[in-house]
Amino acid sequence: MSFFKNIFNSSDNKDFKEKKINWNELTDLVQLDEIIAISNEKPVAIFKHSARCSISRMALKQFENEFNSSDKVTPYFLDLITHRDISNEIANRFGVTHQSPQLILIKDGKAIYNVSHSDIDAESLKAKV
């Protein structure tokens, strides 16, 4: 039973803070300007997550288990159910189609890589940095 709980247990805001990734929680539209500024010095990865979606939970858990590039990329986490306005603005500013789950890499203020669903992979992200 604990096996299924580990795979299908819901992932809310408390859960992601306990993971090995030191997520920056994306909760305000103003942070997108900060992300652009940061991305001029160090790439930024935005993980867009839906707590209502089991595929999103599985993609998040897999990514968190594999990710080890925090020295090379600044990770941001977006709960898109709570902050759909931010998700929409990400699509507008960076020219990416909205997906959930979705991983977007921002460098020099531009989206240089974005994947969704089963294509989300920490090693592929690392290769792009």
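Given the structure is predicted, the values throughout are model-derived calculations rather than measurements.

A short note on the nonpolar core
Nonpolar side chains in soluble globular proteins tend to be buried together. Membership of the largest hydrophobic core comes to 17 residues, with the highest contact counts inside it found for Trp23, Phe47, Phe63, Phe67, Leu103, Ile120 and Leu125. Counting residues per element, the ones that place at least two in this core are β2 (44–49), α4 (54–66), β4 (102–107), β5 (110–116) and α6 (122–128). Broken down by element, the residue count for this core peaks at three residues, all from α4. Ignoring anything within four residues of it in the chain, the contact list for Leu103 reads Ala45, Ile46, Phe47, Phe63, Tyr113, Asn114, Val115, Ile120 and Leu125. Listed in part, the 14 residues of the second largest apolar core include Leu26, Ile90, Val96 and Ile104.

Structural notes on the packing of aromatic side chains
This structure, assessed with the given rule, holds five aromatic pairs. With 5.5 Å between their ring centres and 65° between their planes, Trp23 and Phe77 make a pair best called edge-to-face. Of this pair, Trp23 sits in the loop between α2 (13–17) and β1 (24–25) while Phe77 sits in strand β3 (residues 74–79), and the two are 54 residues apart along the sequence. Comparing Trp23 with Phe77 shows no difference in burial state: the two are buried. These aromatic residues form a ring-pair network of at least three members: Trp23, Phe47, Phe63, Phe67 and Phe77.

Remarks on the environment of Lys110
Looking at the secondary structure, you find Lys110 in strand β5. Residue classification places Lys110 among the exposed positions, given a relative accessible area of 55%. Taking C-alpha positions, Lys110 is 10.0 Å from Val44, a pair spaced 66 residues apart along the chain. Leaving out residues up to four positions away in the same chain, Lys110 has contacts with Phe94 and Leu105.

As for the sheet that holds β1
As summarised here, the arrangement of the five strands in space is β1-β3-β2-β4-β5, forming an open sheet in which the pairing is mixed. Strands with a single pairing partner mark the edges of an open sheet, and in this sheet they are β1 and β5. As paired strands, β1 and β3 are joined by two bridges and run parallel to one another. Looking at β3, one finds that Glu25 is bridged to Phe77.

Looking at the pairing of β5
Of the pairings in the sheet, the one linking β4 to β5 comprises six bridges and is antiparallel in character. Directly across from Gln102, in β5, lies its bridge partner Ser116. Where β4 folds back onto β5 in an antiparallel hairpin, the turn is made up of two residues, including Asp108, whose phi is positive at roughly 55°.

Basis of the calculations
Residues numbered from 1 in each chain as written. Predicted model: local features only at pLDDT ≥ 70, side-chain atom pairs only at ≥ 80, totals over all residues. Heavy atoms only, no water. Core = buried A, V, L, I, M, F, W, Y, C linked by side-chain atoms within 4.5 Å. Buried < 20%, exposed > 50% of the residue type's maximum accessible area, 1.4 Å probe, protein only. Helix = DSSP H or I, 4+ residues; strand = E, 2+ residues; numbered from the N terminus. Contact = heavy atoms within 4.5 Å. Phe/Tyr/Trp six-rings, centres within 6.5 Å; stacked < 30°, edge-to-face > 60°. Pairing = 2+ DSSP bridges.

Distances and angles like these do not, on their own, reveal function.
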